[in-house]
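Geometric and topological summary
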Amino acid sequence: MSKTVLTVDDSKSMRELLKLALSSQGFSVSQAVDGVHGLEVLREQAPPDVIITDINMPRMNGFEFIEGVRSTDAYRTIPILVLTTESDAEKKARARKAGATGWIVKPFDAAKLADAIRRVSI
Amino acid sequence: MSQDVDPLLEIKQTFFQECDELLGDLERGLMAIEGGDHDAETINLVFRAVHSIKGGAGAFGLDALVRFAHVFEGTLEELRSGTLQPNANLVKAMLVAADLLADLVREARGGASVDPSRSIAVTERLRHAAFEPALPTAAAETGDDVTAAAPSHPPVQDDPFGLGFQPVVISFDLESEPEPEPAAQATWIVDFRPAASFYARASEPLILLRELSAIGTATVELDETGIPLLDALELEDGYLGWTVQVVTDQDRAAIQDVFSFVEDDCAPTIRSADAVAAPAKPGPPAVARMVEQIVQTFPAAPPPVPDTAPGSGTVTPFPVQAVAPSPIAEDPQAAKQAAAPQSIRVELDRIDRLVDIVGELVINQAMLAQSISESGMGRASAVVKGLEELEHLTRDMQESVMAIRAQPVRSVFQRMPRLVREVAAMVSKEARLITEGEGTEVDKTVIERLSDPITHMIRNAIDHGLEAPADRVAAGKVAEGTVRLSAAHRSGRIVIEVGDDGRGINRERVRAIAIAKGLISPEAQLNDEEIDNLIFLPGFSTAAQVSDISGRGVGMDIVRSSILALGGRISIASRPGHGSTFTLSLPLTLAVLDGMVVTIAGQTLVIPLTAVVETLQPKSSNIRWMGPDAPLVVMRDSYIPLLDVGHRLGYRAEPLQPTSGVVLLVEVGNGNRMALLVDAIQGQRQVVIKSLEANYGAVEGIAAATILGDGRIALILDVEAVSAMPQSDAMGQAPLRLAVG
């Protein structure tokens, strides 16, 4: 069984890039366009093995989304990786405070994604 | 499988499409900020736009774009965090930065290349503007000092992302310990003790053990002494610690890397086995810090067992730490703005095909309805009822399909502020743009063809309409001219106006030019409106010398013909000294319309229902005469000119007696009303518009054609054009009649 990854990003090109990179590493991918949608997708599907989320999104940003995930018992143990840039130290800290497990520094490639996922999922 | 299309290229295209939207958001946000509206929500919108462009650009290796977006983002970040307050020059600099960003996107897309010195200049400008007080001052002379004193803007980096996926440097000083020889087998002792926060972030000790084992030969020792008695055990706390001895040829960094995500949550210590033997004296300050860290992590009495197993037993509400609410979350308006529509992209061809199919469905449904009604089936019969249901569904479907194609005119409008800035700068005038009704929706095909005419009219307004600042001041106006661009729905059409508060049309000159160019005879008696509209005649150009801006061989006549081709109309109204306003009126869709089917002199025509206000069977008491050929119809105490459509179109030589026909009260442009006389009303029907121009040729007074339920072709009347048409004896062309069939 391939691992499943839920990607949450408001940019379609970013979602597609993630999907392309993750699929190439054998992950199966589901997508959400923002935090609100991400929580909806979680409710509708079997919990993914890993969640990758952007921070800057309309409607519900990444911090709020992470808090939302962590406040639901069933999702507390899903590792969450945030997409950041290397200049986002403060955001990284905030994301961790909200419950993020790790981070992926943009720009990413397939190997980098796989590496980050390996670091957070059994 | 990916032979034919490179998926990356496709995603890149998607990215560029997103850029268009983001640049639009950016422009809109900056305009709002310029208008004094710099709340957190707006600044966030602007920040997010630049941030997203940077993120995507990084993914595609568009370095120039990344570099400049990074600088711009830095400024916006300071605005967002409140360390910087917007001032007038900063906002102007950001608008220029937005323009540059747009150009860099265009360059990345394969457009004109951007001179790198521009990025440097704009970067400088942003920095300078950032340190001006909220009110602009004459601070030019401070020059370099200001820059030098500047608090940190992120520098333009040559390789902002070169770091890749490096672990964060661990917080204590490593140099103080002896490093084993590289590449030699060394033994490391790694201690870590996950705190509650470790588990709260869904981290997993097992993964750390697995990763350490991957580095070398690992011997794992569990320290479970921290587990308290059952009654003192906190379910969410962390009580276990591990000591792992790793024999490896890799260096310390490799081990640190394992803890890169969790170093704050499990206080890892990494020692070389040699150093272990050394006395555990405080020694270097780094070690003291480390000890402190551990002490902080385990306050008071140590600890029980962690509950890491998912889904195990008792359910206590998880203690999620309070996080400072983000500005977005706090803002009540956020939800509203947030509800930014989600979208999917569909090829236009697919939608067009759907529109066509639905069009055919409408015709078929109409035909079916007609045959059933002719078959004499009872009104209450199940077939007739089912047909009514079908009609509703067809209509819903049609509206839904049309709604898919409808888009707000924003996409066109948002390109205009930049145009205004650039044109104004080019002709040394001051101009600001006010837009209204950007949310007004209209069919996509219409939108696409609106861009050029609007661009041209705006150029025209600035170049010809607005006076030079000095002249404006002399005329008692403010130096900065105003160009107003608005959109609104009116009687089933979209009306777009481009107005300026400039000098207005110089009618003497327009008339003189028209005579000089042989467009009108010197004797022609023209009223003001007619003179104004001379500028739409082919070959007319008012500019004494062709200027760079609007004189590029595209005259207003081209604008007019492109509008006419869309089934639209254009007119100009002008007040000398006060400015001019171009008014465009266009159909909302080019595909279907609700029509009233009427008989005129034996022909069947369709009148757009959106234009019809009411109908009336006139009695002689309703009719007054202004002259032998000028009947008026009296409707609720107002007198409305009555126009015999059949006579006007040349279908009959003699006008119909008003009392023997039916009067349709219609609304024409500017809210004026007109009464149309037809022979009889057949009914109301939804019709699919078939272009007459494409299939036959343009006919004055006729907007398009359609196919009726019985297969006949009917012409669709252009109400406004018919009202404005001269009497039929003035018509140059023979009336168009259609043979039945």
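Residues numbered from 1 in each chain as written. Chains lettered and ligands numbered in written order. Predicted model: local features only at pLDDT ≥ 70, side-chain atom pairs only at ≥ 80, totals over all residues. Heavy atoms only, no water.

**A word on the overall build of chain A**
Assigned secondary structure in chain A consists of five helices and five strands. By the burial criterion, 65% of the 122 residues in chain A qualify as buried. Residue pairs in contact within chain A that sit at least 24 positions apart in sequence constitute 62% of those at least 6 positions apart. (Helix = DSSP H or I, 4+ residues; strand = E, 2+ residues; numbered from the N terminus. Buried < 20%, exposed > 50% of the residue type's maximum accessible area, 1.4 Å probe, protein only. Contact = heavy atoms within 4.5 Å.)

**Regarding the overall build of chain B**
Assigned secondary structure in chain B consists of 26 helices and 22 strands. Taking all 741 residues of chain B together, the buried fraction comes to 45%. Here the analysis covers contacts within chain B between residues at least 6 apart in sequence; of these, 70% occur between residues at least 24 apart. For chain B, the exposed surface amounts to about 37000 Å²; the carbon and sulfur share of it is 55%. (Areas by Shrake-Rupley, 256 points an atom, 1.4 Å probe, with all protein chains shown as cover.)

**Quick word on the nonpolar core**
Formed by 109 residues in total, the largest nonpolar core has its most connected members in Ile52(A), Leu26(B), Phe72(B), Leu101(B) and Phe259(B). Considering each element in turn, this core owes the most residues, 12 residues, to helix H4 (residues 88–108) of chain B. Here this core spans two domains, since at least three of its residues come from each of domain 1 (7–149) and domain 2 (186–297) of chain B. Setting aside anything within four residues of it in sequence, one finds Phe259(B) in contact with Val190(B), Phe192(B), Leu208(B), Leu212(B), Cys266(B) and Pro268(B). Formed by 45 residues, the second largest nonpolar core is a distinct cluster that contains Ile462(B), Ile535(B), Ile570(B) and Leu584(B). (Core = buried A, V, L, I, M, F, W, Y, C linked by side-chain atoms within 4.5 Å. Domains from an automatic or database assignment.)

**Here's the deal with the side chain of Asp500(B)**
Residues and elements named next belong to chain B. Position of Asp-500 among the secondary structure elements: in strand S9 (residues 493–500). Lacking a salt bridge, the buried Asp-500 has Arg-472 as its closest oppositely charged neighbour, with an N-O distance of 6.6 Å. Engagement of the side chain of Asp-500 in a polar contact is seen with the backbone nitrogen of Gly-502, the distance being 2.8 Å. Each residue touching Asp-500, except ones within four places of it in the same chain, is listed here: Ala-461, Gly-465, Leu-466, Thr-482, His-578, Gly-579 and Ser-580. (Lys, Arg positive; Asp, Glu negative; His and termini not counted. Salt bridge = Lys/Arg side-chain N within 4 Å of Asp/Glu carboxyl O. Polar contact = N/O pair within 3.5 Å; in protein donor to acceptor, adjacent residues only side chain to side chain.)

**Describing helix H18 (residues 416–426) of chain B**
Residues and elements named next belong to chain B. Every buried residue of H18 is accounted for by Met-416, Pro-417, Arg-418, Leu-419, Val-420, Val-423 and Ala-424. Structurally, H18 contributes buried residues whose contacts are with helix H1 (7–34), H4, helix H17 (410–413), strand S6 (431–436), helix H19 (444–465) and strand S8 (481–490). With its phi angle positive at about 55 degrees, Ser-428 sits one or two positions after the end of H18.

**Here's the deal with the packing of aromatic side chains**
Residues and elements named next belong to chain B. Inspection of the entire model under this criterion finds eight aromatic pairs over all chains. Ring geometry for Phe-536 versus Phe-582: centroids 6.1 Å apart, planes at 70 degrees, classification edge-to-face. Here Phe-582 lies in strand S11 (residues 579–587) and Phe-536 lies in the loop between helix H22 (528–532) and helix H23 (556–565), a separation of 46 residues in the sequence. Linked through ring pairs, Phe-15, Phe-16 and Phe-60 together constitute an aromatic cluster. A cation over an aromatic ring shows up here: Arg-80 above the ring of Phe-47, its NZ or CZ 3.8 Å from the ring centre. (Phe/Tyr/Trp six-rings, centres within 6.5 Å; stacked < 30°, edge-to-face > 60°. Lys NZ or Arg CZ within 6 Å of the ring centre and 35° of its normal.)

**Things to note about the sheet that holds strand S15 (residues 623–625) of chain B**
Residues and elements named next belong to chain B. What the six strands build is an open sheet, ordered S14-S18-S19-S17-S16-S15; its pairing is mixed. The open sheet has two edge strands with one neighbour each: strand S14 (612–616) and S15. Within the sheet, the average angular offset between the axes of one strand and its neighbour, ignoring direction, is 35 degrees. In terms of strand pairing, S14 meets strand S18 (residues 662–667) through four bridges, oriented antiparallel. If you follow Glu-614 over to S18, its bridge partner there is Leu-665. (Pairing = 2+ DSSP bridges. Axes fitted to C-alpha atoms, helices over the stretch in contact; angles between N-to-C directions.)

**Observations concerning the packing of helix H3 (residues 63–81) of chain B against H4(B)**
Residue and element names in this part refer to chain B. Where H3 meets H4, the closest approach of the two axes is 10 Å, and the angle between their N-to-C directions is 155 degrees. Taken together, the axis directions place H3 and H4 in an arrangement best described as roughly antiparallel. Relative to H4, H3 is oriented so that their crossing is left-handed. Touching Ala-64, Leu-65, Phe-68, Ala-69, Phe-72, Thr-75, Leu-76 and Leu-79 of H3 are Leu-90, Met-94, Ala-97, Ala-98, Leu-100, Leu-101, Leu-104 and Val-105, all from H4. Here the contact of H3 with H4 is composed, by residue class, of 15 nonpolar, one polar and no charged. (Parallel < 35°, antiparallel > 145°, perpendicular 65-115°, else oblique. Left-handed = near helix turned anticlockwise from the far one by under 90°. Nonpolar A, V, L, I, M, F, W, Y, C, P; charged D, E, K, R; others polar.)

**Quick word on the environment of Phe413(B)**
All names here are of chain B. Along the chain, Phe-413 falls in helix H17. Sequence-wise, Phe-413 and Ser-451 are 38 residues apart; in three dimensions their C-alpha atoms are separated by 8.3 Å. Setting aside chain neighbours within four positions, we find Phe-413 in contact with Thr-435, Glu-436, Glu-438, Ile-454, Leu-485, Ser-486 and Ala-487.

**Overview of helix H3 (residues 62–70) of chain A**
Spacing of three or four residues puts side chains on the same side of an α-helix, whose turn is 3.6 residues. Residue and element names in this part refer to chain A. The buried fraction of H3 amounts to eight of the nine residues, a majority that puts the element mostly inside the structure. Restricting attention to buried positions, one finds in H3 the residues Gly-62, Phe-63, Glu-64, Phe-65, Ile-66, Gly-68, Val-69 and Arg-70. The backbone nitrogen of Phe-63 has a side-chain oxygen 3.1 Å away, supplied by the residue at the start of H3, namely Asn-61.

**Quick look at the pairing of S11(B)**
All names here are of chain B. Summarising burial for S11: eight of the nine residues are buried, a large majority. Where S9 meets S11, seven bridges bridge the pair, whose relative direction is antiparallel. The partner of Glu-497 across the bridge, within S11, is Thr-583. As paired elements, strand S10 (residues 569–575) and S11 share seven bridges and run antiparallel to each other.

**A look at the packing of helix H5 (residues 110–120) of chain A against helix H8 (residues 205–215) of chain B**
Packed helices, taken two at a time, are described by their axes: the angle between them and the distance between them. Between H5(A) and H8(B), the shortest axis-to-axis distance is 8 Å and the interhelical angle comes to 120 degrees. The orientation of H5(A) with respect to H8(B), classified from their angle, is oblique. Within the contact between the two elements, H5(A) uses Arg118(A), Arg119(A) and Val120(A) and H8(B) uses Ile207(B), Arg210(B) and Glu211(B).

**Some details on the sheet that holds S10(B)**
Residues and elements named next belong to chain B. Strand order in this open sheet of five strands is S6-S8-S9-S11-S10, and the pairing throughout is mixed. A strand with exactly one partner marks an edge of an open sheet, and here the two such strands are S6 and S10. For this sheet, the mean inter-axis angle between neighbouring strands, taken without regard to orientation, is 15 degrees. Bridging between S6 and S8 involves six bridges; their strand directions are parallel. Within S8, the residue paired with Ile-434 across the bridge is Arg-484.

**A look at empty space enclosed by the protein**
Summed over the entire model, instances satisfying the criterion amount to six cavities of 30 Å³ or more. Taken as a whole, the largest cavity spans an internal volume of roughly 80 Å³. Lining the largest cavity are Thr101(A), Arg119(A), Val120(A), Phe198(B), Ser203(B), Glu204(B), Ile207(B), Leu208(B), Val258(B), Phe261(B) and Val262(B). Elements that contribute at least two residues to the lining of the largest cavity include exactly H5 of chain A together with H8 of chain B. (1 Å grid on protein atoms, 1.4 Å probe; cavity = no way out; pocket = protein on both sides within 12 Å on 5 of 7 lines; lining within 4 Å. Points joined across faces, edges and corners; volume = space filled by probe spheres on them.)

**Focus on the confidence of the model for chain B**
Should pLDDT be low for a region, the predicted coordinates there are not to be read in detail. Residues and elements named next belong to chain B. On average, residues of chain B score 75 in pLDDT, and 76% of them reach the 70 mark or higher. When the elements of chain B are averaged for pLDDT, helix H6 (residues 143–149) gives the smallest value, 37, and helix H20 (residues 469–474) the largest, 91. The model gives residues 543–553 a pLDDT under 50, and that stretch makes 16 contacts with residues more than four places away or in other chains. pLDDT under 50 marks residues 728–736. Its contacts with residues more than four places away, or in other chains, come to 16 contacts. The ipTM value of the predicted complex is 0.86, and its pTM value is 0.46. (pLDDT = per-residue confidence, 0-100.)

**Observations regarding the confidence of the model for chain A**
When the pLDDT values of chain A are averaged, the result is 87; 98% of them are 70 or greater. Ranking the elements of chain A by mean pLDDT puts helix H4 (residues 89–98) of chain A last, at 84, and strand S3 (residues 50–53) of chain A first, at 94.

**Let's talk about the pattern of salt bridges**
Two side chains with opposite charge may pair up if their charged atoms get near one another. A full pass over the atoms with the stated rule returns 33 salt bridges over all chains. In this structure, Arg76(A) and Asp73(A) form a salt bridge, with 3.1 Å as the shortest nitrogen-oxygen distance. Arg76(A) sits in the buried class, given a relative accessible area of 17%. Between Arg80(B) and Glu77(B) there is a salt bridge; the shortest N-O distance is 3.9 Å.

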